[in-house]
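Per-entry structural report
Residue strings, one per chain:
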Amino acid sequence: MVNDSIGRRPFMKTALGATAFLAVPGRLVALASQPGGSVLLPDKYPPVIPGFPHMLHGGDWNPDQWLHEPGVIDEDFRLMEKSGCNTFSVGIFAWATLEPEEGRFEFAWLDDIMNRLAAHGFYAFLATPSGAKPRWMSEKYPEVRRINRAGQREPHGSRHNHCFSSPVYRDKVRTINTTLANRYKGHKALAGWHISNEYSGACFCEFCLRAFRAYLKTRYPSLDALNRAWWTSFWSQTFQSWEQIDPRESPVDGLNLDWDRFITHQTVDFMKGEIAPLKAATPAVPVTTNMMSTFVGLDYWRFTDISDRMCWDAYPTLHGADSWRQAVNLSFHHDLYRTMKGGLPFMLMESTPSNTNWQQTPQLKKPGQHRQEMLLAIGHGADATMYFQWRKSLGAAEKMHGAVVDHGEPERTRVFQDVAAHGAFLKHLDAVVGTTVRPEVGLIYDWEVRWAIMYTQGPRQQANRAPYDREYLQACQDHYRPFWKLGVPVDLIESLSAFDRYKVIVAPMLFMLKPGVVDRLDAFVKGGGTLVLTYLSGIVNETELVLRGGWPGGGLRKMAGIWSEEIDSLYPDAPQRMVAAPGNGIGLTGDHPVRDYCERVHPEGASVLATYQSDFYAGMPALTVNTHGLGRVYYLAARPAADAFLDGFTRALVAQTKLSRCLDVDLPEGVTVQKRSGGGRTFYFLHNFRRESQVVDLGTLRFKEVGDGRALTARTTLAPFASLVLEKA
Ligand code: GLA
Ligand code: GLA
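The present account deals with the structure reproduced in this document. Just so we're clear, the structure is a prediction, and the values are computed from it rather than from any experiment. (Residues numbered from 1 in each chain as written. Chains lettered and ligands numbered in written order. Predicted model: local features only at pLDDT ≥ 70, side-chain atom pairs only at ≥ 80, totals over all residues. Heavy atoms only, no water.)

Looking at the overall build of the protein chain
The test is simple: By the criteria applied, helices consist of DSSP H or I runs no shorter than four residues and strands consist of E runs no shorter than two, each listed in order from the N terminus. Only protein chains enter the accessibility calculation, which uses a 1.4 Å probe. A residue is then buried if its area is under 20% of the maximum for its type, exposed if over 50%, and partly exposed in between. Contact definition: two residues touch when any of their heavy atoms are within 4.5 Å. Values of accessible area rely on a 1.4 Å probe in the Shrake-Rupley scheme; residue burial ignores everything except the protein chains shown. In this charge count, Lys and Arg are treated as positive and Asp and Glu as negative; neither His nor the chain ends contribute. To locate a charge, take atom NZ for lysine, CZ for arginine, CG for aspartate or CD for glutamate.
Each helix and strand in the protein chain was counted, giving 16 helices and 27 strands. In terms of overall dimensions, the protein chain has C-alpha extents of about 75 × 75 × 50 Å along its principal axes. Burial analysis of the protein chain (729 residues in total) assigns 61% to the buried set. Counted over contacts in the protein chain with a minimum sequence separation of 6, partners at least 24 positions apart contribute 72%. Surface exposure of the protein chain reaches about 27,000 Å², of which carbon and sulfur atoms provide 53%. Charge centroids of the protein chain, computed over 79 positive and 77 negative side chains, lie 3 Å from each other.

What follows is the structure in structure tokens.
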């Protein structure tokens, strides 16, 4: 732990040594990183359901909506047998059916469902119902309803709108969870707990504000320290008492940032409260909660310790001629969910087998795209491909949302056949279960960095102030894309993650530096690692106070061997260009457009690899490299406006640092490959994301497709949206 400059208590972990997990029956134990040594991922992880070494396949199922029509439930079981599905998330949002009146529980229907699931050899991820509260509760205990920013108590509303601090809500959740856990402990169908659903949002009631102030007292030793850390003398914002602290409409960046941290803290605390009775009754049953990609409102890294598996809900729009670019971003998220538990296989908890009714243009999946989406997830480390939803509801908000079982002729639909075909194919992937991806590159995507950028006014605004994160997420994805194109696996880490497992760390826009991060980056580079930094790095500390002494601050300046004096902002119609410096040594050629940001950088020991071409800073460095200890630090001073620059740069980086590619072959645009290994086997997932056939030259490599056994070598044609799972022949 490291104290920061204002002398308050340390509050952040500065090293997350534990990124690997040791399998012991029924649970996972974190392995500590060996001092000075690299953390190796285990050869193989246990399956999600102990004793069931198969890919999980299934989805959200709401029999609670059909209790008045038992024939439909019978039909569901018949169709499930045909679909190749084996696991269902049951009871999400079923609180009003489980407890129709306060204290009166109705479990007969769920007993029946669980028994029938078990009889069919199926499994349940049994949900805690906290995602939607029953109406009687909102009526009798108004405190469970949120207070909004304007200070008004919200109406009962729909879902995901309960207060995370309300003692009544916490108590009611504890009671129903305890009752569920005691009733179904030891049940053959109980495979896991699906905690709530897509936690999100904030409340401004007195319980929440009091909890926020108590949280702040654990972070700051005194009000005086808080005032200084938040720079509240600005616009007379100084707090004279803790009770005055209110997160609404504040010009104080540090306060806004701490409020976001608190929302995560309080949601994690709420989830802990949900988990406690479940673990007490069923200690060996894994718990997880379904997350939403890079949802900006919660720092999902803080949930990793209390989640036995990470899982997420993916609704990509893989539409249009350029849909492969959206597939890159989908891959980015899969890598994040695998990395959050080291390399532990994650669960794709929701995906749509058809259209997504809340999207602007809910296009259907074209032939091949369903299988492709599922196999992309598995290639990145998923051991479960699940859908929202098994059967369409007859009414309400999601009656038009894609589902495995449609309203009419369910068995004859293309979607059902796609699901069943995928289910049949999964039978060939038993040996993939528990294997993982083993990247040598760590790319930092850090929620708190994103928040820090979001709350800082400048150095530029976007049109209409959107995207609010100044394209932080997009910048991360821009740096990720070239690795995807080359078939080089990447871990998506945070700035608190252990770095020693990697050869290369890419840290786009590392705007905020948490305590200890620079020390660990320094050790990483001195030990021979390669670090890539960009514009807008090392600007503020963890309370949004600017780092003095020249940017990139906090020690990065010395590591990068440059001083960034000032930042220019470009108009969209007036991009700059940078040009490769002669003899740059990394094969960089020609000139490249840059947009948005141009930093005026002075070398202080670094070599210049590219310079600006025009304006009053023509000739000044746009890309530099500095030798630091046994390693190197690259600094990119401007934001590239086209793929070509980062493609070339990354290709050079891969060659220079000898990063292994999944396959040592050239991949045409829109084609990528992942590799999972373990248990003495290696599986390759080769995809063509284009709507046209493409040819990959496999050279002398010889492969066998795991499904149909077909041999592949030399020039191989990949059909539109083809995804192949291969092993070396
Ligand atoms: C106005 C205000 C100043 C400052 C500037 C910033 O002029 O009076 O306090 O906020 O805007 O541009
Ligand atoms: C989310 C929710 C589901 C459902 C789907 C629809 O993922 O968790 O309950 O509403 O969206 O796409």
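What follows continues from the structure just given.
Some points on the site of ligand 2
Rule in force here: Nearness is defined per residue: one heavy atom within 4 Å of the molecule or strand is enough. Two N or O atoms form a polar contact when they lie within 3.5 Å of each other; inside protein one atom must be a possible hydrogen donor and the other a possible acceptor, and for residues adjacent in sequence the pair counts only when both atoms belong to side chains. The classification used treats Ala, Val, Leu, Ile, Met, Phe, Trp, Tyr, Cys and Pro as nonpolar, Asp, Glu, Lys and Arg as charged, and all other residues, Gly among them, as polar.
Around ligand 2, a shell composed of F93, R159, N197, E198, N290, D313, Y315, E350, W358, F388, E398 and H401 is seen. Within the side chain of R159, an N or O atom sits 2.9 Å from an oxygen atom of ligand 2. Within the side chain of E350, one N or O atom sits 2.4 Å away from an oxygen atom of ligand 2. Contact with the protein chains hides 96% of the accessible area of ligand 2, taken as 310 Å² for the molecule alone. Considered class by class, the residues forming the shell around ligand 2 number four nonpolar, three polar and five charged.

Quick look at the environment of I444
Structurally, I444 is set in strand β12 (residues 441–444). Look at I444 and you get buried, because its relative accessible area is 1%. On a C-alpha basis, the gap between I444 and V506 in space is 6.3 Å, while along the polypeptide they are 62 residues apart. Apart from residues lying up to four places away in sequence, I444 is in contact with Y472, C476, I493, E494, S495, F499, I505, V506, A507, P508 and L510.

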